[in-house]
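Structural characterization, general
Spelled out, the chains give:
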Amino acid sequence: MPALSPTMTQGNIGKWNKKPGDSLQPGDVIVEVETDKAQMDFEAQEEGFIAKVLLSEGEKDVPVNTPIAVLVESEDLVSAFENFTVADAGGAPAAQSPSQPTPASTSTTTTTTTTTSSTTSAPASSSSSRVIASPLAKNIANQKGIPLGQIQGTGPNGRIIKADVEAYQPPAASVAAPTPVASSEAAYEDIPISNIRKVIASRLTQSKSTVPHYYLTSEIKMDKLLKLRELLNKEANGAYKLSVNDFVIKATSKALIDVPEMNSAWQDTFIRQFKAADIAVAVATETGLITPIVTSADSKGLSTISSNVKDLAARAKLNKLAPHEYQGGTFTISNMGMFGVTSFSAIVNPPHAGILAVGSTTEKLVLDETSEKGFKAEKVMNVTLSADHRVVDGAVGAKWLQKFRGYLENPLTLLL
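Just so we're clear, the structure is a prediction, and the values are computed from it rather than from any experiment. Every residue gets a number counted from 1 within its own chain, in the order that chain's sequence is written. In keeping with the predicted nature of the model, local features appear solely for residues at pLDDT of at least 70, side-chain atom pairs appear and are counted solely at 80 or more, and the whole-chain, interface and lining totals rest on all residues. Hydrogens are left out, water is left out, and the side-chain values use all remaining heavy atoms of the structure.

1. Side note on the overall build of the protein
Formally: To qualify as a helix, a DSSP run of H or I must reach at least 4 residues; to qualify as a strand, a run of E must reach at least 2; elements of each kind are numbered from the N terminus. For the exposure calls, accessible area comes from a 1.4 Å probe over protein chains only, and a residue counts as buried if that area is under 20% of its type's maximum, exposed if over 50%, partly exposed in between. Contacts were defined at the residue level, with two residues in contact if any of their heavy atoms lie within 4.5 Å. Using a 1.4 Å probe, the Shrake-Rupley method yields the accessible areas, and only the shown protein chains count as cover for residues.
Per the secondary structure count, the protein includes eight helices and 17 strands. Each of the 416 residues in the protein was classed as buried or not, and the buried ones make up 43%. Of all intrachain contacts in the protein linking residues separated by at least 6 positions in sequence, the fraction that spans at least 24 positions is 62%. Carbon together with sulfur atoms contributes 52% to the accessible area of the protein, which is approximately 22000 Å² in total.

Spelled out as structure tokens, the structure:
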């Protein structure tokens, strides 16, 4: 199992795009792997042939460096691995014997292989209290409530494999009559947790538990910005189409340069202050939340930011982002205005010092002495800054929010 991101410790096996006997060229996608961040492709690094797939599609929580396949240099070596198993590669507990070498000694593979003796291990059905089973078999048995101790393993050294669990037939007495469990099972569904969801849960729990949040909310007048946006889009003749979020990203980045204390990160023993504003934009995907990054947004024009965001968001939803495109950043924006949410508070994304929660634009009646009616309608947008008090004090957060509001209420300053 390759480490496809710096924080990856385990992964799930997705679709195998190559089968035993297929040739490999550098860049060929061998298998799809679900990491702690996204669904990613594991590509071949050199020419060769795939001799054996050791772990099937759907295997979950496979630790990094666990053998998952065998690659060889020449096609005539493929047949030597026909009966090769993950146990032979050192992926399962078994007694070791130095006397009998395996075919792995004549190949270049993606795994570190060891020699296994099948004569010194007891089958899973023996009197030993230790049951040997593959991770996938254990997972399926756990989901179906099947006791592994009642299954006769047919894998190497009596190891219980997926097929053994699926072929298991419970004793007749155990299915004598229906129980109340059946009705409770129909009332809900247990959904497996993906690696991405596990990481989201862990990081957000850590943030709320260890980061001292404070919140500042501001109401921003949007009439001038909306008129400028309409004018720019009209003049673009289809070359680009700016969104309110593009203006928000630009204003955020310029305010970070104006108030560099906010463009910082907590590093336990020091505070790191960044010179460029790299804006992480929260994007909802089917597998969970991910934050692709618009790098150096402070030095980019609105049309470039718009193009970057559209490209990153589209590839994020297809799980096609490279690690450097969603890791890092200096500040986060979460915009839920398109869902009709008027205001909310977001959780700080460590080690960033802050995250801006952006609501929808609504119409509001305000007093106007120059109007015959004595009032007028204004378009306003609520934003809430969540900040890490270890990095920035309340006054600094208020200063940054004031700068941000100034850019949006006077949008021509974003074009300078």
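2. Describing the nonpolar core
The criterion, for reference: Residue types Ala, Val, Leu, Ile, Met, Phe, Trp, Tyr and Cys, when buried and joined through side-chain atoms within 4.5 Å, form a set referred to as a nonpolar core.
With 79 residues, the main nonpolar core has I68, L356, W400, F404 and L408 as its most contacted residues. Take this core: its biggest share by element is seven residues, from helix α6 (residues 244–258). Formed by 11 residues, the second largest nonpolar core is a distinct cluster that contains L136, L148, I160 and Y168.

3. Some points on the side chain of K300
Operational definition: Think of a polar contact as two N or O atoms within 3.5 Å of one another; within protein, one of them needs to be a possible hydrogen donor and the other a possible acceptor, and neighboring residues in sequence only count if both atoms come from side chains.
Its location among the elements puts K300 in the loop between β14 (293–294) and α7 (302–317). Polar contacts involving the side chain of K300 include one to the main-chain carbonyl oxygen of T295, which spans 3.0 Å. A polar contact of 2.8 Å, which involves the side chain of K300, links it to the side chain of N308. Excluding residues that lie within four positions of it along the chain, K300 makes contacts with K250, V294, T295, I305 and N308.

4. Regarding the environment of Q206
With respect to the helices, strands and loops of the structure, Q206 is situated in helix α4 (residues 195–210). For Q206 and N349, which are 143 residues apart along the polypeptide, the C-alpha to C-alpha distance reads 9.9 Å.

5. As for the confidence of the model for the protein
Counted only if it meets this: As a per-residue measure, pLDDT tells how confident the predictor is, with possible values from 0 to 100.
Considering every residue of the protein, the mean pLDDT works out to 83; 85% of them sit at 70 or more. The least confident element of the protein is helix α3 (residues 181–186), whose mean pLDDT is 54; the most confident is α6, at 98. Counting interchain partners and residues more than four positions distant, the pLDDT-below-50 stretch residues 92–129 has 67 contacts. Taken together, the stretch residues 173–177 has pLDDT below 50 and engages in one contact with residues farther than four places along the chain or on a different chain.

6. Considering the pattern of salt bridges
Rules: The term salt bridge refers to a side-chain nitrogen of Lys or Arg lying within 4 Å of a carboxyl oxygen of Asp or Glu.
All told, the structure shown has 10 salt bridges when counted by the stated rule. One salt bridge in this structure joins K198 and D61, with 3.1 Å as the shortest N-O distance. Taken together, the positions of K198 in helix α4 and D61 in the loop between β5 (48–53) and β6 (62–63) put the pair 137 residues apart, joining distant regions of the chain. For K198, a relative accessible area of 33% translates into the label partly exposed. For D61, a relative accessible area of 32% corresponds to the partly exposed category. One salt bridge in this structure joins R390 and D388, with 2.9 Å as the shortest N-O distance.

7. A few points about the pairing of strand β16 (residues 354–367)
Our working definition: By definition, two strands form a pair when at least two bridges between them are found by DSSP.
With four bridges connecting them, strand β15 (residues 331–335) and β16 associate as parallel partners. Paired with I333 across the two strands is L356, which belongs to β16. Both β16 and strand β17 (residues 375–388) contribute to a ladder of 12 bridges, which runs antiparallel. Bridge assignment links L365 to a residue of β17, and that residue is A377.

8. A look at α4
What counts here: A helix is expected to span 1.5 Å multiplied by its residue count minus one. Here the arc refers to the directions that run from the helix axis out to each C-beta atom.
Helix length check: α4 (16 residues) gives 22 Å between terminal C-alpha atoms against 22 Å at 1.5 Å per residue, within 8%. Every buried residue of α4 is accounted for by N195, I196, I200 and S207. All buried residues of α4 lie within an arc of 135° about the axis, which places them on one face of the element.

9. Observations regarding the sheet that holds β5
Here we have three strands laid out as an open sheet, ordered β2-β5-β7, and antiparallel in their pairing. At either margin of the open sheet sits one strand with a lone partner, and together these are β2 (23–24) and β7 (69–72). Where β5 meets β7, four bridges bridge the pair, whose relative direction is antiparallel. Bridge pairing in β7 places I50 opposite L71.

10. Details of the sheet that holds β16
Pairing in this open sheet of six strands is mixed, and the strands run β8-β17-β16-β15-β11-β14 from one edge to the other. Because the sheet does not close on itself, it has two edges, and the strands there are β8 (213–221) and β14. Here two bridges tie strand β11 (residues 279–281) to β14, and the two strands are oriented antiparallel to one another. Bridging across to β14, A280 finds its partner in I293.

11. Focus on the environment of N308
Inspection of the secondary structure assignment puts N308 in helix α7. The sequence separation of N308 and T295 amounts to 13 residues, and the corresponding C-alpha distance is 9.2 Å. The contacts of N308, once residues within four sequence positions are left out, are V294 and K300.

12. Some points on the packing of aromatic side chains
Selection criterion: Ring pairs are drawn from Phe, Tyr and Trp, using the six-membered ring of Trp, whenever the two centres fall within 6.5 Å, and their geometry is named by plane angle: stacked under 30 degrees, edge-to-face over 60, tilted for the rest.
For the coordinates displayed, the defined rule picks out three aromatic pairs. Ring geometry for F81 and F84: centres 5.3 Å apart, planes at 75°, overall edge-to-face. Comparing F81 with F84 shows no difference in burial state: the two are buried. Each ring, one from W400 and one from F404, has its centre 5.4 Å from the other, and the planes form 10°; the classification is stacked. With W400 and F404 both in helix α8 (residues 394–409), this residue pair falls four residues apart, about one helical turn. An aromatic cluster of three or more residues is present, and its members are F331, W400 and F404.

13. A short note on the pairing of β5
The side chains of a regular strand alternate, first on one face of the sheet and then on the other. Here two bridges tie β2 to β5, and the two strands are oriented antiparallel to one another. What sits directly across from S23, in β5, is F49.

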